[in-house]
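Structural features, examined
Listed here are the chains, written in short residue letters.
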Amino acid sequence: MDRPRASLPPSAEAGDPRRGSGEGTTAPEPAQAAPARAAGTRRRRRGRGLAGLVLLHLAAPVVALWRFVDALPPLDLAPAGLRSTVVLDRDGRLLRPFATADGRWRLPVTGAQVDPRFRAMLMAYEDRRFARHPGIDPVATLRAAGQWLAAGRIVSGGSTLSMQVARLVEPRAERSLAAKLRQMVRAVQLEQRLGKDGVLDLYLALAPYGGPVEGLRAASLAYFGREPARLSFAESALLVALPQAPEARRPDRFPGAARRARDRVLAIATAQGVVTAAEAEAARTEPVPSARKPFPMLAAHAAEAAHAADPGAHAIRLTLDGRLQASLETLAAERAAAQGPGISAALLALDNRTGAVLAQVGSPGYLDASRAGAIDMTGAIRSPGSALKPFIYALAFETGLAHPETQLDDRPVRFAGAYAPENFDLGYQGSVTARRALQLSLNVPAVDLLEGVGPARLIARLRAAGARIDLPRDTAPGLPVALGGLGITLTDLARLFAGLARQGLVPNLTRRVGDASGGVSGEGTGAPPQEARITEAVAAWYVADILRGAPPPENALAGRIAYKTGTSYGYRDALAVGFDRRVTLAVWVGRPDGNAVPGLVGRVVAAPILFDAFARFGGEPDPVPMPHDALVTTTAGLPPPLRHIRRDIPKTLSAALGGALKIAYPPDGARIDLGLSEPEPAPAPSLALKALGGVPPLTWMVDGLPVAGGARRQSAWAPDGAGFARISVMDATGASDSVMVRLE
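Before going into details, it helps to say that this report is about the structure given with it.

What counts, and where the lines are drawn
Throughout this document, residue positions are counted from 1 along each chain, in the order its sequence is written. Local features in a predicted model are, by the rule used here, given only for residues with pLDDT of at least 70; side-chain atom pairs are given and counted only at 80 or more, and totals for whole chains, interfaces and linings are based on all residues. To obtain the side-chain values, all non-hydrogen atoms of the structure were used and water was disregarded. Helix and strand definitions follow DSSP, with helices as H or I runs of at least four residues and strands as E runs of at least two, each counted in order from the N terminus. Nitrogen and oxygen atoms within 3.5 Å of one another constitute a polar contact, given that in protein one can donate a hydrogen and the other can accept it, and given that sequence-neighbouring residues count only through two side-chain atoms. Between two residues, a contact is recorded if the distance between any of their heavy atoms is within 4.5 Å. A cavity here means a set of points on a 1 Å grid, drawn over the protein atoms and nothing else, where a 1.4 Å probe fits but cannot get out; a pocket is an open set with protein on both sides within 12 Å along at least five of seven lines, and a residue lines either one if it has an atom within 4 Å of a point. Grid points are joined across faces, edges and corners, and a volume is the space filled by probe spheres set on the points. Following the grouping adopted for this structure description, the nonpolar residues are Ala, Val, Leu, Ile, Met, Phe, Trp, Tyr, Cys and Pro, the charged ones are Asp, Glu, Lys and Arg, and the polar ones are all others, Gly among them. Think of a nonpolar core as a cluster: buried Ala, Val, Leu, Ile, Met, Phe, Trp, Tyr and Cys residues, connected wherever their side-chain atoms sit within 4.5 Å. Only protein chains enter the calculation, and the probe is 1.4 Å; a residue is then buried if its accessible area is under 20% of its type maximum, exposed if over 50%, and partly exposed in between. If DSSP finds at least two bridges between two strands, the strands pair. Lines fitted to the C-alpha atoms define the axes, with helices restricted to the stretch that makes contact. Angles between their N-to-C directions range from 0 to 180 degrees. Note on angle classes: values under 35 degrees are labelled roughly parallel, values over 145 roughly antiparallel, values of 65 to 115 roughly perpendicular, and the remainder oblique.

A few words on the side chain of arginine 96. By the element assignment, arginine 96 lies in strand S2 (residues 94-98). One polar contact links the side chain of arginine 96 to the main-chain carbonyl oxygen of alanine 300, over a distance of 3.2 Å. Setting aside chain neighbours within four positions, we find arginine 96 in contact with Thr85, Val86, Val87, Pro296, Met297, Leu298, Ala300, Ala303, Glu304 and Tyr366.

So, on to the layout of surface pockets. In this structure, the second largest pocket occupies an estimated 860 Å³ of space. Residue lining of the second largest pocket: 32 residues in total, with Ser386, Phe424, Ser441, Asn443 and Thr567 positioned closest to the centre. Looking at the lining of the second largest pocket, the elements with two or more residues in it are helix H14 (434-439), strand S12 (562-567) and helix H19 (602-617). If one sorts the elements of the lining of the second largest pocket by residue count, S12 sits on top with five residues. Class assignment of the residues belonging to the lining of the second largest pocket gives a composition of 15 nonpolar, 12 polar and five charged.

All right, on to the nonpolar core then. Nonpolar side chains tend toward joint burial in soluble globular proteins. In this structure, Phe391, Tyr393, Phe397, Leu449, Leu496 and Phe579 are the most contacted members of the largest nonpolar core, which totals 80 residues. With nine residues, helix H18 (residues 537-548) is the largest single contributor of residues to this core. Discounting chain neighbours no more than four positions away, the residues touching leucine 449 are Ile392, Tyr393, Ala396, Leu401, Ala402, Leu408 and Ile645. Counting 56 residues, the second-largest nonpolar core is a separate cluster that includes Trp105, Leu107, Met123 and Leu204.

Pairing is antiparallel across the open sheet formed by five strands, whose spatial order is S7-S6-S14-S13-S12. Strands with a single pairing partner mark the edges of an open sheet, and in this sheet they are strand S7 (357-361) and S12. Across this sheet, the average inter-strand angle for adjacent strands is 10 degrees, counted without regard to direction.

Bringing the packing of helix H8 (residues 233-241) against helix H9 (residues 255-271) into the picture now. Running from N to C, H8 and H9 cross one another at 105 degrees; their axes reach a closest spacing of 8 Å. Considering their axes alone, H8 and H9 lie roughly perpendicular with respect to each other. Listed contacts from H9 to Phe233, Ala234, Ala237, Leu238, Val240 and Ala241 of H8 are Ala258, Ala261, Arg262, Val265 and Leu266. Taken together, the residues of the contact of H8 with H9 sort by class into 10 nonpolar, no polar and one charged.

With that settled, consider H8. For H8, the buried fraction is high: nine of the nine residues fall into the buried class. Every buried residue belonging to H8 is among Phe233, Ala234, Glu235, Ser236, Ala237, Leu238, Leu239, Val240 and Ala241, and all of these are buried. Buried positions along H8 lie against helix H3 (116-126), helix H7 (216-224), H9 and helix H10 (277-284).

Before going further, it helps to examine the pairing of S2. For S2, a buried count of five out of five residues is recorded, marking the element as mostly surrounded by other parts of the structure. Inspection of the sheet shows strand S1 (residues 85-88) paired to S2 by four bridges, in the antiparallel sense. Residue pairing across strands places threonine 85 opposite phenylalanine 98, the latter belonging to S2. What sits between the antiparallel neighbours S1 and S2 is a turn of five residues, in which glycine 92 has the positive phi angle 90 degrees.

Laid out in structure tokens, this is it:
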């Protein structure tokens, strides 16, 4: 009998697709289930395709941006680094800037050198979120995009300060989406490379301000005449507004537009809380500048020489004192104007301790063509008049020919070659001391001493000290050089006088901070060159002490500084040079073309300027200290041969018959071993002294001090130590001879 079959679920009857076709396979599913399954499959496929399409659309701009960035050339900041050369004083104050090679005024500046109020206004007006964004401000960008879509045109660019710098670094005339995208990329690159401070520094240096003026510092000087470290609210607001439309808002051309732009910045700064309403209102009352001011031009000649020597330097720091320079330039301009048209003036100030040039005024005004202001008269070859007389006396003191208290004759005399000098006042003093003769600048005693010293020896000593000496062509040095018959620069004259304040050592001039070479080019790295000697220490002090007692000009105090004046032949040059222990000042007045100026006398014209310059230098004059071995005495206290010099008659009968005085031993330049290097030489060594010729009695001197005397031509001297010694001998007629030896 048949057994009944168990009923199956519909799914089993129709066949479960999840089951295989072998043993136990269910029956096929119904026909309506297949379309549903196919539809689900299609939906899943469409979803995956749509997702892929969305991802593709999202990736495409990224890929395009990556390709755009990759195609850009490397960011080149070299052109943006171009700056004007600025010449600074010893403390970093601006003396004179120079335009770039293409004529732009782009002075170096950093954010730290700018008034904080300006920086606050700049951020409030240009980029409030500058400190937070990476170079691109998404908020500003979306706002600009919305305004563009709504208006159908560009309303605002959404540029950040970094993007503006990018446009300044890579200037492009086109205004397109590609150009804007390039700015955005460059802005990010700039911030990554330079940081916020570097980007701000670039903006401050490159922002346009109309015409050739670029950068905040140049604009502040051009429109307000001062550095941007201290700006008023009105000045800051104007300088913030100008770069957006530098030509249309130039205050010297469009003052109305400049004022409106400035007031708009003040309104935004008030709204942002940078300034109060009262401060903004007060700032609006300030006028805008109506013209550009000239850039500073202090020490124009010195700055020009330094720039020519190092044209590639961004900043050149000179040893000049800016405040003293400005004061002396004003003094030169005032005094030159008082002397009349065509008159120029020059001043030079030297630090006696270091040789640094503290002030260099080459003319009353660099741009004053009526006075040939472009010519630097501190370096011009001119006649010094009587200004070199102190060095004749120094040589006479050094060689033992004379002493400050030696009596000299000031009376009419005719020297060899029919040369008969006269004093400036055409009078004569009779018998005077060397001290008084130099203080009164008497001509006859100076020429008399030069004849004894020798003109060639004087010129050789001046040149050995580093001075350029120009003599008349094809002529040997003669006695007229005592009264200015040669040419020398004011700079060299000042150096020589500084040597008198430094115990006879002439300083090597330093014009640039850190320069040990004595020039204006380059930073010295080695040891400074050896200083030359113009005279010995005792002789230098003798001259300094004499000149400190020279009669001062009218309305000036006596005995404060050592000084000497000079007046060239024909009243072409008036000079005065003065010094104390601290500083040497030199003054020249005259016409650069060399024409005569009636009444141009050093004592009357140049000396008052010198004393005024010392007053402007400030401080109390410091006399040159006296060496321990100086001989301070009266005429009666001198050895007989030093008491007076008269070359017109012999002092004794034998004076007319005696031969020329000469030191026979020791010879000049000898190195003599006396055993002075031994710890305790016994007995004490002595040096034999021997002379030939001359008229007894003879007086022997070492370094200007008497050590022996008598009728015999042989003597001895016991030195107190090793070293160099100048040995001199003088006879009864005043004739002398000297040698330099080294004792060991």
